[in-house]
Each structure stands twice: as structure tokens, then as C-alpha cells.
Amino acid sequence: MDQAFLATLLRSVNHGESKVSSETQASELYQRLQVRVGQTGPLETARDAVNSAMIRHWCDALEDHHPGYTDSDWAKASLHGDLVAPPAMLNAWLMRGLLPPQGTESQTEEGASGAYSDLDAAGYTSVVATNSEHEYDRYLRIGDLLQGRSRVEEVSDEKTTGLGVGHFVTTLTEYTNQSGESVGRMRFRILKFKPGTGRGMNQEGEGSTEVPLRPDPGISLETAFFWDGLEAGELRIQRCEECGVLQHPPMVRCPACGSYRFDYAVSSGRGRIYSHVEPVHPHFASFEPPYVVGLVELEEGTRLITNIVDLEPDQVEIGMPVELVVERRNSGRNLPFFRPVRPERRISTRRLDEVQVGDVLGPCPVPITATLIVASAIASRDYQDVHHDRELAVLRGSPDIFMNILSTSGLCARYVTDWAGPEALIRKLSIRLGAPNYPHDTMTFYGSVNSVSGDRVEVGLRGQNRLGPHVTGTVEVELPDRTQSD
Ligand code: ZN
């Protein structure tokens with residue numbers, strides 16, 4: 001499948017490329033759906049109180065090392081006062097899980113679940129979440145038992161999107177704890193669509209162009225160990241058996257001592273960008289622009305020519321720490337690529353006077369693996385088959401399983417708290433989804449400070465994968481005041 005085509009297809013969902021079908025708008029279904037607008041569903045109570053097991057599972061899945069979520073001693077001594085739940089888990093506590101709790105099967109269908117049933121019955125059985133907006137009054141603590149009530153805010157008329165014809169349903173859920181205290185709210189928009197009515201996620205795009213594979217390297221007796229290493233997933237550096245000197249590219253004779261005897265060292269895969277260039281002209285068919293050719297200096301001291309990947313060309317900087325990615329990527333054999341390393345998590349919390357509008361958060365790559373998608377979906381209690389069962393995802397018209405919106409929210413929150421520090425409080429998280437996160441991709445976050453107002457800082461962010469923007473949004477954090485000492 002042509003990936004650029006798919007990206008366009010999915011983007012059109014959010015950009016509202018739509019045409020109103022007049023007969024449908026007037027249809028009985030549309031009238032019935034409009035009756036749902038303003039309806040409030042039943043008060044739902046979480047199956048489990050906020051608990052550390054679910055929190056740890058979430059943090060493991062999303063590799064979120066925020067100490068306030070899992071380190072009790074740290075949390076007690078911090079402004080949090082005790083362990084808190086990751087705020088982006090807000091709606092995970094009320095997710096149904098794999099089986100509906102006993103006694104809820106025959107619940108009257110009011111509000112959102114009624115609208116979803118109406119749509120299911122009319123054949124709009126597929127669902128994709130497009131927007132999520134969280135507001136947090138306070139962080140949840142162990143033992144909080146969440147309750148939530150949802151109201152249907154809006155049901156769109158029938159829209160023709162790249163995924164299929166469907167209706168957007170927007171709901172607002174208010175969350176309280178067991179004593180009725182308001183803890184947060186969520187505005188959520190999904191598209192319920194008829195499978196098979198879109199341009200089709202599995203169809204070849206019109207005008208899709210096949211990119212030929214890169215030419216194979218010439219492999220000699222001296223360089224075979226290097227290419228064999230890549231097939232084994234490691235980057236090998238030629239080492240002189242006599243004097244131990246490392247060199248790259250491999251040579252026939254040691255330039256230091258003249259020996260002809262070599263073995264190799266295995267690189268740690270860490271290094272820094274020594275130099276880089278973005279080739280523009282001439283165009284080579286197997287190198288899709290834009291791309292970056294980098295000279296990376298490895299920790300071991302040798303340098304190699306490579307491509308810097310998962311990073312927009314204008315974000316590449318000399319001295320930037322990078323890590324090895326061994327992949328095929330448009331080649332017949334494994335090649336060594338380099339991408340930026342995940343920025344280090346900030347230990348002490350950023351103060352307001354350290355932040356200015358326009359400040360940039362370093363690019364942060366998130367390798368999208370099947371494990372990440374499945375583990376984070378289950379950690380958020382989202383058992384929709386498209387997030388864990390490849391065969392069923394394909395049957396539903398998707399090329400593979402894809403990440404759920406809660407996991408994306410969690411990753412956005414992680415990106416911002418890693419930058420802001422563990423005592424920064426996330427107050428609002430508002431995201432819009434675009435191209436899905438499928439396995440074997442990498443999403444790279446970019447962010448910058450949009451505004452500083454009072455003690456609130458708004459960060460604008462974007463998570464870009466190889467198909468296009470997966471997520472765009474804003475995160476509002478409250479930072480400790482400048483008058484406080486650290
Ligand atoms: Zn030597």
C-alpha cells in the first residue's frame with residue numbers, strides 16, 4: 001500500500017472534507033440521532049478504585065518514569081503528597097474492560113451508548129476516535145473511586161470521509177470521585193462509519209509511485225563482517241588484532257601498525273552528529289526527499305556515513321546525540337540508520353521564570369512497536385480488537401493494528417512532563433488524531449511553548465510518523481511559581 005496515499009486518506013477525516021448527502025440528512029436516522037443530543041447517560045462507576053497495579057502497568061507500557069506515579073517515597077516528599085495517577089489515565093478508570101460488568105448488560109441505552117447503538121444498527125459499525133480533550137481539576141490518588149456521566153454534545157450529519165461515510169459523535173463526560181468531588185472532564189469525538197464505504201485503507205492509491213529499492217552495497221572479503229553484523233542487528237567496527245586500533249570504513253591493512261589481522265568490536269550504537277547535509281539535487285529514485293545524510297561520530301571514536309531518520313531535516317543539529325536503528329527501510333538488506341535519542345527526563349521541576357514563549361522541547365522519537373500498541377491499549381483497558389488483533393484489524397479495513405487515543409494522550413503527557421519536571425501539574429490535554437500509529441513506525445514528538453499566562457504554560461506539540469502527523473495538540477501545565485525556591 002502506498003503510505004503517502006494512506007496519510008492523505010486519514011487526514012481528510014480530520015480536515016472535514018465532507019459532503020452532505022441531502023437524503024441522508026433528512027433521514028429518520030439523523031432525526032433519531034438529533035434526539036440523543038443533550039441526553040445524559042447513566043452514572044457509571046469504575047470497576048476498580050485508582051490503584052498502583054494499573055498505574056504501574058500503564059507506566060511500563062508507555063515507558064513513563066515519572067516518580068510521582070510509582071515511587072512512593074519520592075511522591076510523599078513532593079508537592080503531590082502521595083502517589084498520583086498519570087492524569088491522562090482519566091478515562092481509563094471507567095473503561096469497560098474485556099467483559100461488561102455483571103448487571104450492566106441490560107442497561108437502558110441513553111445518551112452516547114444509545115447513539116452508538118443507533119449507528120451500529122444502521123450499519124455504521126466501525127469506529128475511530130479523532131479528538132480528545134481532558135481537563136484535570138486535580139490528580140487522582142490511590143483509592144479514588146471514579147464516577148462519570150456522559151452527555152451527547154453533538155452528532156454530525158452524514159459525512160463522507162476517507163475512511164467511509166459516517167457521523168461524528170461528540171460527548172462530554174464529567175468525572176467525580178466517591179464523595180461527589182469533581183476531578184475532571186473529557187470531551188471526546190469519534191467517527192462511527194460504515195466499513196467499506198471509504199476509499200479503502202487496503203486499496204492501492206491512485207497515482208501511487210513505487211520507490212525502487214536502494215542499490216545493494218558492494219561486499220568484499222574485508223567488509224563482509226560489517227554487513228553480516230547488520231543482518232544480526234549490530235554495528236561492527238573493524239579492530240586491529242595487533243594494536244587494537246578501530247577503523248571505519250574497513251581497510252586491508254592497519255594504518256597504525258601495518259598488521260593484516262583484524263577482528264571487530266560491536267558498537268554501543270550511540271554517537272553524535274558530526275556533520276550533515278540534505279541532498280536536494282540531483283534526485284535519485286530510491287532516495288525519497290527529504291532525507292538527511294549524516295556523518296555520525298560513534299562513542300568508540302570512529303565515524304560513519306549514514307542517514308539521520310525520524311527527524312525533520314531542519315531539526316538536525318551538529319552535536320545532537322543519536323542512536324543506531326538497524327532496519328531495511330527501502331533496501332534489500334539491513335542498513336545502519338541513526339535517530340535522535342529520547343530527551344532526558346527532567347529531575348528538578350522547571351520554574352516559571354525558566355520558561356519563555358517560543359522555547360523548544362527537544363525532538364523525542366517513540367518507536368511504535370506491536371508491543372507498545374497492545375500493552376498500552378490493555379493498560380488503558382481498551383479491548384477494541386483493532387488495537388491488539390491484527391487479523392481482525394485487517395478485516396475491518398486497516399492494514400495493521402494501530403495505537404488507541406488514550407495511549408497517544410499518555411505519550412503526549414509523558415513528553416511534556418519529561419520536559420517540565422515531575423512537580424509540574426498537567427491541567428489540560430487537548431489532542432487531535434491524524435495518520436494512525438502502526439507497528440514498525442516511529443513517531444517523533446516536536447513541541448514548543450505557545451504561551452505563558454499566570455502560572456500556566458501552554459505547550460503546542462505534534463507527533464509525526466512516517467505517514468504524516470499522528471497527533472497535534474496542546475498541553476497546559478502549571479509550573480511552580482518563580483518566588484518559590486527549588
Ligand atoms: Zn594495528
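Each value, and the rule that gives it
- Residues numbered from 1 in each chain as written.
- Predicted model: local features only at pLDDT ≥ 70, side-chain atom pairs only at ≥ 80, totals over all residues.
- Heavy atoms only, no water.
- Helix = DSSP H or I, 4+ residues; strand = E, 2+ residues; numbered from the N terminus.
- Phe/Tyr/Trp six-rings, centres within 6.5 Å; stacked < 30°, edge-to-face > 60°.
- Buried < 20%, exposed > 50% of the residue type's maximum accessible area, 1.4 Å probe, protein only.
- Donors = N, O, S within 2.8 Å, 3.2 Å for Na, K, Ca; no water.
- Tetrahedral: all angles 85-135°; square planar, octahedral: opposite > 155°, others 65-115°.

K.L.:
Lay out unusual backbone geometry in plain terms, naming residues and giving numbers.
P.N.:
Residue Pro249 is reached from His248 by a cis peptide bond, and omega for that bond is 0 degrees. Residue placement: Pro249 occurs in the loop between strand E8 (246–247) and strand E9 (262–266). Following His281, the chain continues into Pro282 via a peptide bond in cis, with omega recorded as 0 degrees. Here Pro282 is to be found in the loop between strand E10 (270–277) and strand E11 (292–298). A positive phi angle is found at Arg381, which is not glycine, with a value near 60 degrees. Relative to the helices and strands, Arg381 resides in the loop between helix H9 (370–379) and helix H10 (390–395). With a phi angle near 70 degrees, His440 is a residue other than glycine that sits in the positive phi range. Position of His440 relative to the elements: it lies in the loop between strand E16 (425–433) and strand E17 (441–453).

K.L.:
Can you lay out the packing of aromatic side chains for me, pointing to particular residues and giving the numbers?
P.N.:
Overall, the coordinates contain six aromatic pairs when judged by the stated rule. Relative to Tyr291, the ring of Phe287 lies with its centre 5.4 Å away and its plane at 35 degrees, an arrangement referred to as tilted. Assessed through its relative accessible area of 15%, Tyr291 is described here as buried. Each member of the aromatic cluster is reached from another via a ring pair, and the members are Phe284, Phe287 and Tyr291.

K.L.:
Outline the coordination of the zinc ion, listing residues and values.
P.N.:
Coordination of the zinc ion by the protein comes from Cys240 (SG), Cys243 (SG), Cys254 (SG) and Cys257 (SG), over a distance range of 2.2 to 2.4 Å. One can describe the site at the zinc ion as tetrahedral: its four donor atoms subtend angles covering 100 to 113 degrees at the metal. Between consecutive donors of the zinc ion, the numbers of intervening residues give the motif C-x2-C-x10-C-x2-C. Exposure remark for Cys257: the relative accessible area of 41% places this residue in the partly exposed category.

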